[in-house]
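A closer look at the structure
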Amino acid sequence: MNPLRRRTLIALLALGPVLARAHTAGTDTSGLVTQTLSVGGRVKVSLMLSPDDLKAYPVQNQAEITVKGRKGETLRVLKGYSGVKLIDLLDKATLVAAEPNDLKKTIVVAIASDDYKAVFSWSELYNTSVGEGVLVLYAKDGKPLADDEGRIALISINDLHTGPRHVRWLKDIQIRKID
Ligand SMILES: Nc1nc2c(c(=O)[nH]1)N[C@H]1C(S)=C(S)[C@@H](COP(=O)(O)O)O[C@H]1N2
Ligand SMILES: [Mo]
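So, here's what we can say about the structure. (Residues numbered from 1 in each chain as written. Chains lettered and ligands numbered in written order. Predicted model: local features only at pLDDT ≥ 70, side-chain atom pairs only at ≥ 80, totals over all residues. Heavy atoms only, no water.)

A word on the environment of Ile111. Looking at where Ile111 falls in the secondary structure, it is placed in strand S5 (residues 106-112). Since its relative accessible area comes to 8%, Ile111 is described here as buried. Excluding residues that lie within four positions of it along the chain, Ile111 makes contacts with Tyr116, Lys117, Trp169, Leu170, Lys171, Asp172 and Gln174. (Helix = DSSP H or I, 4+ residues; strand = E, 2+ residues; numbered from the N terminus. Buried < 20%, exposed > 50% of the residue type's maximum accessible area, 1.4 Å probe, protein only. Contact = heavy atoms within 4.5 Å.)

In structure tokens:
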């Protein structure tokens, strides 16, 4: 291989991890930012919500949320966030349950614009203390969320490790029923 091609190859290899971590601070994530959140699937009324629309629901102010990674390490501390409970949005959309046991088979998928997904079960949301702490975030210190998180994000604050279900650039909430 000639030296030039070799240098190009090395440069590209060096860039790999940078591209893989494109969502981290300092990189341009403006292309991933979502301006609206849809709620659809097994609901009576589909919703399309902007951050302003979310203000119509009871506000949940969180002084401090610690985002923890898989090993329990603190990834970051979110301060001064405002959001709404996911279950308040689901109640507005009204889940479809044709048969009494349908809800126990129902799952709620939070989908981001980079196709990152996190799953909740209906039982977890409505029949455990986790549900109360699943928040759709839309403001920090009263201002819109920054590009590295998007205008709308979701977090499950009662999780042991809050990182994995901190869904940045939240785009869609899909309600599905398993077989
Ligand atoms: N949209 C989106 N959200 C995401 C991810 C992602 O790749 N895309 N990674 C998740 C993972 S695995 C972790 S640990 C946390 C870490 O980032 P944070 O400190 O910004 O929460 O973000 C989560 N949210
Ligand atoms: Mo993670």
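Moving on: the packing of aromatic side chains. To describe a pair of aromatic rings, one takes the distance between the centres and the angle between the planes. Tallied over the full model, the rule gives one aromatic pair. Ring centres of Trp122 and Tyr126 lie 5.7 Å apart, and the angle between their planes is 25°; on these two criteria the pair is classed as stacked. Of the two residues, Trp122 and Tyr126 are both situated in helix H4 (residues 122-127); the distance of four residues between them amounts to about one turn of the helix. The class of Tyr126 is partly exposed, set by a relative accessible area of 30%. When the ring centre of Trp169 is taken as reference, the NZ or CZ atom of Arg168 above it lies at 5.0 Å. (Phe/Tyr/Trp six-rings, centres within 6.5 Å; stacked < 30°, edge-to-face > 60°. Lys NZ or Arg CZ within 6 Å of the ring centre and 35° of its normal.)

Taking burial as the measure, the seven residues of S5 include six buried ones, the bulk of the element. Two elements, S5 and strand S10 (residues 170-177), share seven bridges in a ladder whose sense is antiparallel. Considered in S10, the bridge of Thr106 is made with Lys177. Bridge count for S5 against strand S6 (residues 117-121) is five bridges, and the pairing is antiparallel. Looking at the pairing, Val108 lines up with Phe120 of S6. Turn length for the S5-S6 hairpin, with the two strands adjacent in sequence and antiparallel, is four residues, and the turn residue Asp115 shows positive phi of about 75°. (Pairing = 2+ DSSP bridges.)

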